[in-house]
Amino acid sequence: MDFQVERGGRASKNAAITLLIVLSALTAGPYWLNAGHQSVLMEIFYFLALAQLWNLMAGFAGVVSLGQQAFVGIGGYTLFAAIAWWGIPPLVALALAGIVGLLVALPVVHMVFRLQGAYLAIGTWVVAEVLGLGVSQIESLGAGSGMSLPIEVADSIEIAFIDRDGVLYLGALFLLVTGNLCAYGLLRSRFGLALTAIRDNESAAAASGVDCKRVKLVVYLATALGTSLLGALIYLTKFRISPAAAFDINWTSYIIFIVVIGGVGTLEGPIVGTIVFFLLREYLADTGTWYLVILGLLSVAIMLKWPAGIWGSIAKRFDLKLFPTGRRLRVSDREL
Amino acid sequence: MGNWGDIIIQGILLGGLYGLSAAGLSLMFGVMRLVNVAHGDMIIASAFLSLVIQRLTGVDSPFLCLPLVCVLMFACGFGLQRLVLNRALNADMLRPVLVTFGLSVVIQNGMLEAFSADSQRLQANGLEVASVSLGGGLVVGVVPLLIFASCVAVTGVLQWILYRTELGRAFRATSDDPVTAGLMGVNDRNLFAIATGIALAVAGIAGTFTGIRSSFYPTSGPESLLFAFEAVIIGGLGSLWGTLAGGIVLGVAQGLGAGFSSAWQMLAGHIAFLVVLMVRPTGLFPKRGN
Amino acid sequence: MSLVDIRGLSACYGDFQALFDMTCEVGEGETIAIIGANGAGKSTFLKAIAGVVPAPSEAILFDGKPIGGLRSMELVARGIALVPEGRCLFASLSVEENLLMGAYAKRPGEWSLAKVYGVFPRLRERRHQSATTLSGGEQQMVAIGRALMSNPRLLMCDEISLGLAPSVIANIYQALGPLKGRHMAMLIVEQDIHQAVSFSDRLYCFQEGRVSLTGQSTAVTHAQISSAYFGA
C-alpha cells in the first residue's frame, strides 16, 4: 500500500490559473469597464471581503459575531473624522481607520469574550449599539444626522492617470485580494491548522494543545482590523455617513446571508454566496422588504437542510476543493 | 430627594418590563441552551397580534385580549420548536444562532410589509394615562405598576413551574443530561416545544405591555432583545429572580441616563451592562454552584 | 417465551462497530451477568437494548415484539430501565427529585418513593440534598432507585461497582438480592467476576463484540471464564 499527503488536485490547479486570469482582467477594470459596472463590482468586492472575514472568524474560529457593523461604522467614522478634523489625505486616513478599529477592538474583546457562545454574539451587537450611540453624541461629526465629505477631498483621490472611481475600485479589489491571500496563507499555516482543528472539534483541539482562546482572540482582532479598513473604504465611496446607516445591523445580516448561503467554513463558500446574493438583489430589488424576507427564509432553510451551504454541498458531492487549505491522504494499492 | 426617588421608582417599574421580556429568553436558554436571537421580534410581533385582535374584536382593553394572545403565542412557540428549532439544535451553537437570526430578519421585515414602518400604540381605555399617588409627592402610572406586578407574578409562576412541578423537574433534568432524561421517558423534542411555547406566551405578555406602555415599531425587536439579553446577563444566568433584578438595574440605569438625553437613556443602560460584565462576569445573582 | 430475545444484533458505537451478530436471551425474572474485558461491547449491548445506541428493529425482541431502534423514551414505558455507567444523576436535582424522575413514564407497578427508601434507607435521610453531594455508593443507590421507580420488567445495570469500595459494593448487591425473582429480570454488567458469578443465574462472557461463553453461573469453571475472557 502506498500513500501520500497532498493538498490539492487538478481542480485546484485549474482554479488557480482561472483565478489569475480573472484577477488580471479585473485589475485592468478601470480601462475597460464603465462607471456603472465598476461600482457594482466594487460593491461585490467589499461585500465578499467582509463576508470572508466573518467566515474566517465564525466558520473557522467559532466566534459568532452579530456586531460587525461596529467596525464598519468605526472605520467609516475614523476616515471622516481624520479628514474633517485634521485634513489628513483620504488614503492615509484609510490606513488610520484600520488602526483605530484594532484599538477599539482591544477593550471590546476583553469585555465580550467573557460571554459564552451565543451570548457572545449578542454581546457584540450591544457593543455596536453603544459605539453607534456614542458617535451620534459627537457634534463635530454631525451628531445623529451625520456628515458629508467636502468635494475637494473627493477630487484629491485621483492617482496619476487613474480617476477617482478607478482608485476606489482598485482599492476595493486590493483589500479583497490581500484579505483573501492573508486568510488563505493563514489557513495553510500552523495557525490555520489550529483554526481548522477548532472548527472541526473545539474540545479535541484544546486537548491537543491548541490555545483556543488565544486563536479566537487573534482572529477576532484581525477581523476587526480588516472590517474597519473596508468600512473606511465603503464610506469613502459613499461620501456621506450617518450613525444609523454606518452602525446598521444589516451590514452583519448581509454578511451572514452571504456566508450561510454559500457555505460556512470554506474559502469558496462566500464567493458563491456573494454571487447568489447579488443575483437575488438584481431580481428582487423592486420588492423592497420582501427581498429581506426571502433572504432570511432562504438562509434559515439552508441552515436546516444543507448546513454546509451551496458550495459545501456541491464540494462534498464531487469531492472538490478549489482553494485547498487542508491536507488529504491519497492511498493507492499497488502490488509489490 | 423627590426627583431622585421618582427616577428610581420609575426605573424599577420599567425594570419589570425588561424582566418580563427577559424571562422567556432565560427559560429557553436554561432548558435547551438555545439563545433565541428573534426573541425581541417575537415580543414586538405579539404587540401587533394584540393590536390586530383588539381591532377585530373591538374589545376596549388589550388586557382582555391577553389570554388569547398568550394561547396563540404558546401555539406558535410549540410549532416553531417542533418544526424548525429542534432541527437546529446540535452540538455547535452556530446553527441555532444563525437560524434564529434569520427568523428575526424574516419576522421584522414581514411586519414592516404588513403594518408599514409607522409607530403603533395599544389603547387601554384611558388606563395608560391614569396614575396613583404613593405619598411623599411620588406619583406613578397605573400601567407601569401593573406591568411590574405582572412581572413579579410571572416570575413567581415560572419559578413554581420549574421547582415544584413534574414538568419543571423534567426541564431541569433535561438541561442537566438529555440522554439520561430520555432513559427516564422524557421526550426532549416535546419538552423543548413546551418550553418554547411557555417562553413565547410570556413574550406575548411582555409584548402587549410594551404596546400599552409606549409606542412601538416593526423594527423595535432588536432593542427589546438587547435589553432582555442585558437583564439576563446582569442578573446572572440560570436565575429567574436574578433576571428580574437585572431588569431593574437596567431600568434604573436608563432612568438616570434619561436625565441627560434620550440617547443617554439607551447608553446608560448599555454601559451599566458592560460595567457588570467587567466587574462581575457571572452577573449579580448567579445560580449557586452545584 | 423469554422476555428478551436477541438474534443477530450488530451495532456501532459512533463509527466503530462494537457488536457483531450477537445472540442472547433473558428469561422472565432471570438474573443474567455479562462479563468481559474493556471494549468487549458490554456497555454498547445494554445501550442498544435501552435505545441509546441504534439497533436494527428485528434484532431485539422484547416480550415477543421487535423493539430495536426505538427511542429510549418509548422503551421505558414498556418496562426497560437502564442504570447507566457512571450513574449519570441529574446534578441540579435533589435525591428525591432524581428518584421521581424515574417515575416520569408513569408505568404502573409496585415501586414508590417509600419502597425505594425501604431498600436504601440512607437515601431517606439525604432526600433533600443535591445528588452530587452524596458519596459514590449513595449516588449508585440513587441511580438504581431511580431505575426501579419506572417499575421495570428488565433492569439493566452498567458497572455498578465502578469506583466503589468493596464493602460498599457488597452493601448494594445485598440490597439488590431480594429483588431478584418473578417480577423483574436483571441484566448486569460487572467487572468483578466473583461478584458476577455469585449474583447471577446465568452468565455471558463477551469478547471483542461477540459472545465467547455462556452457561449456568454455577456450572461454568474458572478455566472456561479465563479463556473466554482473554481469548484462547
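Once a new chain begins, its residue numbering starts again from 1 and follows that chain's sequence as written. Each chain gets a letter, beginning with A, and each ligand a number, beginning with 1, in the order they are written. In view of the model being predicted, local features appear only for residues whose pLDDT reaches at least 70, and side-chain atom pairs are presented and counted only at 80 or more, with totals across whole chains, interfaces and linings using the full set of residues.

J.: I'm lost on the overall build of chain B in this one. Help?
T.: Regarding its fold elements, chain B presents 11 helices and 2 strands. Only DSSP runs of H or I with at least four residues qualify as helices, and only runs of E with at least two residues qualify as strands; both kinds are numbered from the N terminus onward. Starting at the N terminus and walking to the C terminus, you meet the elements of chain B as α-α-α-α-β-β-α-α-α-α-α-α-α. Throughout, the radius of gyration refers to the C-alpha atoms, and the reference size of a globule is 2.2 Å times the residue count to the power 0.38. The globule rule puts the C-alpha radius of gyration for 290 residues at 19 Å, and the 19 Å found for chain B is close to it. On the principal axes, the C-alpha backbone points of chain B span a range of 60 × 45 × 35 Å. Here the C-beta atoms are placed from the backbone, and a residue counts as buried if at least 20 other C-beta atoms lie within 10 Å of its own, exposed if 12 or fewer do, and partly exposed otherwise. When each of the 290 residues of chain B is scored for burial, the buried share is 57%. In chain B, once contacts between residues fewer than 6 apart in sequence are set aside, the share between residues at least 24 apart is 75%. Contacts are defined on C-beta atoms placed from the backbone: any two residues whose C-beta positions lie within 7 Å are in contact.

J.: Even after reading the chapter, I still don't get unusual backbone geometry, so can you show me in this structure?
T.: Negative phi characterises most residues that are not glycine, and trans characterises most peptide bonds. Located in the positive-phi region is phenylalanine 239 of chain A, a residue other than glycine, with phi close to 65°. Among the secondary structure elements, phenylalanine 239 of chain A is positioned in the loop between α11 (212-238) and β3 (240-241). Of note in the backbone geometry, arginine 33 of chain B takes a positive phi value of approximately 60° without being a glycine. Along the chain, arginine 33 of chain B falls in the loop between α1 (2-32) and α2 (39-57). Of the residues examined, arginine 33 of chain B has 15 C-beta atoms within 10 Å and is grouped as partly exposed.

J.: Teacher, can you tell me more about the packing of helix α10 (residues 240-258) of chain B against helix α11 (residues 262-279) of chain B here?
T.: Two numbers describe a pair of packed helices, the interaxial angle and the distance between the axes. Residue and element names in this part refer to chain B. Orientation of α10 relative to α11, taken along the N-to-C sense of each, is 140°, at an axis distance of 7 Å. For the element pair α10 and α11, the recorded crossing hand is right-handed. Judged by residue contacts, Val249, Leu250, Ala253, Gln254, Leu256, Gly257 and Ala258 of α10 engage Ser262, Trp264, Gln265, Leu267, Ala268, Gly269, Ala272 and Phe273 from α11. Its residues assigned to classes, the contact of α10 with α11 shows 10 nonpolar, 5 polar and no charged. As a rule, the C-alpha atoms of each element are fitted with a line to give its axis, helices using only the stretch in contact, and angles between N-to-C directions run from 0 to 180 degrees. Note on convention: the crossing is left-handed when the near helix lies turned anticlockwise from the far helix by less than a right angle, right-handed when the turn is clockwise. When residues are grouped by polarity, Ala, Val, Leu, Ile, Met, Phe, Trp, Tyr, Cys and Pro land in nonpolar, Asp, Glu, Lys and Arg in charged, and all others, Gly among them, in polar.

J.: Teacher, can you tell me more about the environment of serine 12 of chain A here?
T.: Residue and element names in this part refer to chain A. Mapped onto the secondary structure, serine 12 falls in helix α1 (residues 10-27). Judged by the 15 C-beta atoms lying within 10 Å of it, serine 12 is partly exposed. Residues serine 12 and lysine 321, 309 residues apart in the sequence, show an inter-C-alpha distance of 6.3 Å.

J.: Sorry, what's going on with the pairing of strand β2 (residues 16-26) of chain C here?
T.: The two faces of the sheet receive side chains in turn, since in a regular strand these alternate between them. Two strands pair if DSSP finds at least two bridges between them. Pairing geometry for strand β1 (residues 4-13) of chain C and β2 of chain C, over 7 bridges, is antiparallel. If you follow valine 4 of chain C over to β2 of chain C, its bridge partner there is valine 26 of chain C.

J.: Before we go on, may I ask you to explain helix α3 (residues 35-60) of chain A in this structure?
T.: Since there are 3.6 residues in each turn of an α-helix, residues three or four apart along the chain are aligned in direction. Working rule for helices: expected span equals 1.5 Å times residues minus one. Between its first and last C-alpha, α3 of chain A extends 36 Å over 26 residues, near the 38 Å set by a 1.5 Å rise per residue. In the stretch just after α3 of chain A, glycine 62 of chain A is the one whose phi turns positive, near 75°.

J.: Can you walk me through the sheet that holds strand β9 (residues 202-207) of chain C in this structure?
T.: In any sheet, the strands associate via hydrogen bonds between backbone groups, in a parallel or an antiparallel arrangement. Residues and elements named next belong to chain C. Strand order in this open sheet of 6 strands is β6-β7-β8-β3-β9-β10, and the pairing throughout is mixed. Each edge of the open sheet is held by one strand with a lone partner, namely β6 (80-83) and β10 (210-216). This sheet shows a mean twist of 15° between the axes of neighbouring strands, independent of strand direction. In terms of strand pairing, β6 meets strand β7 (residues 154-158) through 4 bridges, oriented parallel. Paired with alanine 81 across the bridge in β7 is leucine 155.

J.: What's the story with the interface of chain B and chain A in this structure? I'm lost.
T.: Taken together, the contact between chain B and chain A spans 35 residues of the former and 34 residues of the latter. Those elements that place two or more of their residues in the side of chain B that touches chain A are α3 (62-88), α4 (94-115), α9 (221-235) and α11 of chain B. Element by element, the count of residues in the side of chain B that touches chain A is highest for α4 of chain B, at 15 residues.

J.: How should I be thinking about the environment of valine 31 of chain B in this particular structure?
T.: All names here are of chain B. Mapped onto the fold, valine 31 is located in helix α1. It is 27 Å that separates the C-alpha atoms of valine 31 and valine 279, two residues lying 248 residues apart in sequence. Setting aside its immediate chain neighbours within four residues, valine 31 contacts Phe171, Thr174, Ser175, Phe192 and Ala195.

J.: Before we go on, may I ask you to explain the pairing of β9 of chain C in this structure?
T.: All names here are of chain C. Summarising burial for β9: 5 of the 6 residues are buried, a large majority. With 5 bridges connecting them, strand β3 (residues 31-36) and β9 associate as parallel partners. If you follow isoleucine 35 over to β9, its bridge partner there is cysteine 205. Sheet topology places β9 next to β10; 6 bridges connect them, and they run antiparallel. If you follow phenylalanine 206 over to β10, its bridge partner there is valine 211. Connecting β9 to the next strand, β10, in antiparallel fashion are 2 residues, including glutamate 208 with a positive phi near 45°.

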